Amino acid sequence: MTEFSVMIMTVTFIGCILLTSQPCYRFVTGNLARRHAAILGVSLKDVSFSFDQMVYFIALPTTIPEVRDAVKEELVVEPYYDSYFFPEVNGVQVSVKSESAVIPIAYLPIDDFSLPVLDRYLETGKINERANRTIREHMIVHDRTLEAIREEVYHHLHEDRLAQ
Amino acid sequence: MVYGLLIGGIVLITIILNILRLMTTPALNRWLLAGTSSLVVMWHGVLFDFYDLHWSVLLLIMTGLVCFHWKGMITAILVGWLLVYSQSGTLSFPLLLSYIFFGLGAALLFGYVKQLKREQSARLRMLTASSRQLNVFREVSFTMQDTLDPDRLLQTILTSVTAGHGLGFNRSIIFFADLEKDSIYGVMGTGPMNPEDGFQIWEEITRQHIDLQGLIDEKETDSTHDEQLNERIRKMTIPFHGNHLFKQTLDSGRPLHVYASITDDPVLRMLHTDLQMDECTIFPLHHQGIPYGLLVIDNVVNKKPITPQKIDSVRPIAEQASLALHQTMLYQRIETLALRDGLTRLKNHRSFEQDLDVLFRECATDELSLIVMDIDHFKHFNDTNGHLAGNELLTRLASVIRRSVPDEQMAYRFGGEEFVVLLPQYDEVEAGQVAETIRTAVLKTNFLNGERQPGGQLTLSFGVASKHTLQEQTLEQLIECADQALYTAKSKGKNQVCRWEGVPL
């Protein structure tokens, strides 16, 4: 009977690690980022960011029906993590999830996520590389950013389709 | 009840330590995860009297493997085996062997998954880099195909290399090579003079959220961001046939990656001093063996290293740019042949008609004046000195006219010994003053055999007409009125300016 308890322990532990790592990571980076921002006297809501360097894997305008005709709700914008056990966001990927397929259409590497204010603070030594990375990670996985990226991608797909 | 306690305890321990470990450094994070698994095993042991510790050790081995790879796995096997020994009092080598086999199996599986993940990340990086290059190349090709205007072409090249939507370098500069004048000179650049300016520009662009096409369009109308840089680089001139890296790059036809701060090259030392340039790459712009110039890129603001991959991503753009520059130069040459007078290099009659038509259409309400001038006794000059001397005279006279008018692009050879000047925004009084300036300049110039002309010097007669004095606002009447004024000047004794005063023809 106790062997069963070992199985329960193992499954619960690994499951708990896998399920809670990413939410915990977002929670922790959010708190740390706000703390760093407070020290700098900056409000994260006012920090302007740009995802100019987002890379599209498809040609725009596209002729792929699933992408061309995708509605906004079909665009899935999610952070891309390298590891499940040691989560660290590497970028944000955008894909179209239809009934038949998942088609990756764009990717924004975190290093190309532009936050000029942070770059300036880093250059002038007001923050260190770790604080810079933490704020950057918090900003890129923030719901506001993900929604803005979704809008941008949808706009590109839609705009170019109208231009055709 | 006890299972509830087990699960509840594990969830609590895991969540708390999950939060704690993510707040620490990566190394401590690994130690805390290993510690969490030990706590969980202990919690299980407390609830079940460590009865199945030998099974629980498997979890420690897995965690050791995840956190510290081979070393962690081996340590966990040994520690776990000794723990079991301390509890049972017997050294079980079959158990140790089982742990080793389990560890090896887990390591193979874990290694395989990790390898897959690594390959996936590598593919994603490569796909991202290739897609970026392709997108920029596509966008730039469209823009280049769309224009034969050299300025817009240069702006497109520079912006595609520097913009966020482009290749993302901080700064790029184009130099042109002029073999005839034996010089390489700065033409246009985009980017900041120094890091501080760079941050300001980035923040502005980020706030305004301008895309690549927007940036290219913006640069056409407003170049305030790069004004200082352009002012500086336009003053840069280097001898083409010197011993420097620009020449070597053009000769080799390959990009050159250098550090301006540690080189003795005079050109790069100048770029380092004037523009704070350090790590940079120079790309030759040449097509079919003809060198057109150089493209220089650097990351003056964020100091990101210029990797071989990044250099490779610029090469197709530089080659495409060279081809586009080649086409633009050819077009300009053809345009020059079609619209310029071969002898005097002034614009020709066809060009005059085109410009006049555009001015009449686009500036319908604005003032416009026309000067028509004719060499006095030119037939006499030709008969006395020969036609070759006549051609020389026309060439010399054209340069005098060019120097005396407000805009030399508005001076034309109308035909034979007749020249015209268009003066947008000038009324008849101001146009008369311009005509007088030309007349005086001609009188002050020593033309070869000019003294053999009647009156002892070469002279011109001028007719001036302005749009607002015409009865009908047509270009034909403007020409006719100016011509009429010229005849008046001729009939009144030549070497003078006459204005069309609004008398009907």
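Residues numbered from 1 in each chain as written. Chains lettered and ligands numbered in written order. Predicted model: local features only at pLDDT ≥ 70, side-chain atom pairs only at ≥ 80, totals over all residues. Heavy atoms only, no water.

Chemist: Got a sec to walk through the packing of aromatic side chains? Specific residues and values, please.
Modeler: Per the counting criterion, the structure on display carries 13 aromatic pairs over all chains. Judged by centre distance (5.7 Å) and plane angle (45°), the ring pair of F49 of chain A and F113 of chain A falls under tilted. Separated by 64 residues along the polypeptide, F49 of chain A in the loop between α1 (2-40) and β1 (55-56) and F113 of chain A in the loop between β4 (102-109) and α3 (116-123) bring together distant segments of the chain. The same class applies to F49 of chain A as to F113 of chain A, namely buried. Chaining the aromatic ring pairs together yields one cluster made of F4 of chain A together with Y3 and F48 of chain B. Geometry around F169 of chain B places K310 of chain B over its ring, the cationic atom sitting 5.9 Å from the centre. Lying across the ring of F447 of chain B, R396 of chain B places its NZ or CZ 5.8 Å from the centre. (Phe/Tyr/Trp six-rings, centres within 6.5 Å; stacked < 30°, edge-to-face > 60°. Helix = DSSP H or I, 4+ residues; strand = E, 2+ residues; numbered from the N terminus. Buried < 20%, exposed > 50% of the residue type's maximum accessible area, 1.4 Å probe, protein only. Lys NZ or Arg CZ within 6 Å of the ring centre and 35° of its normal.)

Chemist: Go over the nonpolar core, please, and point to the residues and values.
Modeler: Among the nonpolar cores identified, the biggest contains 45 residues, and M54, I105, I149 and V153 of chain A are the most heavily contacted of them. At the level of secondary structure, the elements contributing two or more residues to this core comprise α1, β2 (75-81), β3 (89-97), β4, α3, α4 (129-141) and α5 (143-163) of chain A. Beyond its immediate stretch of four places on either side in the chain, I149 of chain A contacts F51, M54, V77, V92, V94 and L108 of chain A. Within the second largest apolar cluster, 35 residues are counted, among which are L6, I10, L60 and L65 of chain B. (Core = buried A, V, L, I, M, F, W, Y, C linked by side-chain atoms within 4.5 Å. Contact = heavy atoms within 4.5 Å.)

Chemist: Tell me about a nonpolar patch on the surface, and name the residues and values.
Modeler: Residues and elements named next belong to chain B. Taken together, the side chains of W70, I74, L78, L97, I100, F101 and L104 make up a nonpolar region of the molecular surface, amounting to roughly 690 Å² of accessible area. Listed by contribution, the elements that provide at least two residues to the nonpolar patch are α3 (53-88) and α4 (93-145). For the nonpolar patch, the leading source of residues is α4, giving four residues. The topology assignment puts I74 in helix α3. (Patch = residues over 30% accessible without salt bridge, like charges linked within 9 Å, V, L, I, M, F, W, Y side chains within 5 Å. Areas by Shrake-Rupley, 256 points an atom, 1.4 Å probe, with all protein chains shown as cover. Salt bridge = Lys/Arg side-chain N within 4 Å of Asp/Glu carboxyl O.)

Chemist: How would you explain helix α10 (residues 266-275) of chain B if you had to name every residue and give the values?
Modeler: Since the α-helix turns once every 3.6 residues, residues separated by three or four places project in the same direction. Residues and elements named next belong to chain B. Restricting attention to buried positions, one finds in α10 the residues V267, L268, L271 and L275. Looking straight down α10, one finds that the buried residues subtend no more than 95° of arc, so they occupy a single side. Of the exposed residues in α10, those oriented more than 90 degrees away from the buried face are P266 and T273. Each element contacted by the buried residues of α10 is listed here: β1 (171-178), α8 (227-233), β3 (237-239), α9 (245-252), β4 (256-259) and β5 (279-287). You can read the cap of α10 off the contacts: a side-chain oxygen lies 3.2 Å from the backbone nitrogen of V267, and it is on D265. Backbone geometry just after α10 places Q276 at a positive phi near 55°. (Arc of directions from axis to C-beta. Polar contact = N/O pair within 3.5 Å; in protein donor to acceptor, adjacent residues only side chain to side chain.)

Chemist: Which residues make up unusual backbone geometry, and what are the values?
Modeler: Residue and element names in this part refer to chain B. Notably, D182 is not glycine yet its phi reads approximately 50°, a positive angle. Of note, D182 is situated in the loop between β1 and β2 (183-190). By relative accessible area, D182 is classed as partly exposed at 30%.

Chemist: Before we move on, could you go through the layout of surface pockets and cite the residues and values that matter?
Modeler: If you add up the space inside the largest pocket, you get close to 1300 Å³. Residue lining of the largest pocket: 46 residues in total, with S83, F85, F86 and P87 of chain A together with R30 of chain B positioned closest to the centre. Residue assignment for the lining of the largest pocket shows that the elements contributing at least two residues are α1 and α4 of chain A together with α1 (2-22), α2 (26-48), α3 and α4 of chain B. Residue contributions to the lining of the largest pocket peak at nine residues, all from α4 of chain B. Classifying every residue of the lining of the largest pocket by side-chain character gives 23 nonpolar, 12 polar and 11 charged. (1 Å grid on protein atoms, 1.4 Å probe; cavity = no way out; pocket = protein on both sides within 12 Å on 5 of 7 lines; lining within 4 Å. Points joined across faces, edges and corners; volume = space filled by probe spheres on them. Nonpolar A, V, L, I, M, F, W, Y, C, P; charged D, E, K, R; others polar.)

Chemist: Explain the pairing of strand β8 (residues 411-415) of chain B residue by residue, including any values.
Modeler: Residue and element names in this part refer to chain B. With respect to burial, β8 is a largely interior element, four of its five residues being buried. Here β8 runs beside strand β9 (residues 418-424); their pairing, made up of four bridges, is antiparallel. The residue of β9 that forms the bridge with R413 is F419. What sits between the antiparallel neighbours β8 and β9 is a turn of two residues, in which G416 has the positive phi angle 55°. (Pairing = 2+ DSSP bridges.)

Chemist: Explain the interface of chain B and chain A residue by residue, including any values.
Modeler: Contacts between the two partners involve 59 residues from chain B, matched on the other side by 52 residues from chain A. At the boundary of chain B with chain A, total buried surface from both sides reaches about 4900 Å², with 65% on carbon and sulfur atoms. At the junction of chain B and chain A, the tally comes to one salt bridge. Notably, a salt bridge pairs D112 of chain A with R132 of chain B, separated by 2.6 Å at the nearest N-O pair. The element that contributes the greatest number of residues to the side of chain B that touches chain A is α1 of chain B, accounting for 11 residues. A class-by-class count of the residues in the side of chain B that touches chain A yields 27 nonpolar, 21 polar and 11 charged. (Buried area = accessible area lost by both parts, 1.4 Å probe.)

Chemist: How would you summarise the packing of helix α5 (residues 150-162) of chain B against helix α11 (residues 308-339) of chain B if you had to cite specific residues and measurements?
Modeler: Residue and element names in this part refer to chain B. Close contact between α5 and α11 brings their axes to 10 Å; oriented N to C, the two are set at 175°. Classified by the angle their axes make, α5 and α11 are roughly antiparallel. For the pair α5 and α11, the contacting residues are P150, L153, L154, I157, S160 and V161 in the first and I317, A321, A324, L325, T328 and Q332 in the second. (Axes fitted to C-alpha atoms, helices over the stretch in contact; angles between N-to-C directions. Parallel < 35°, antiparallel > 145°, perpendicular 65-115°, else oblique.)

Chemist: So what about the pairing of β9 of chain B? Which residues, and what values?
Modeler: Residue and element names in this part refer to chain B. Buried residues dominate β9, accounting for six of its seven residues. Relative to β9, strand β7 (residues 368-375) runs antiparallel, the two being bridged by seven bridges. Paired with L368 across the two strands is P424, which belongs to β9.

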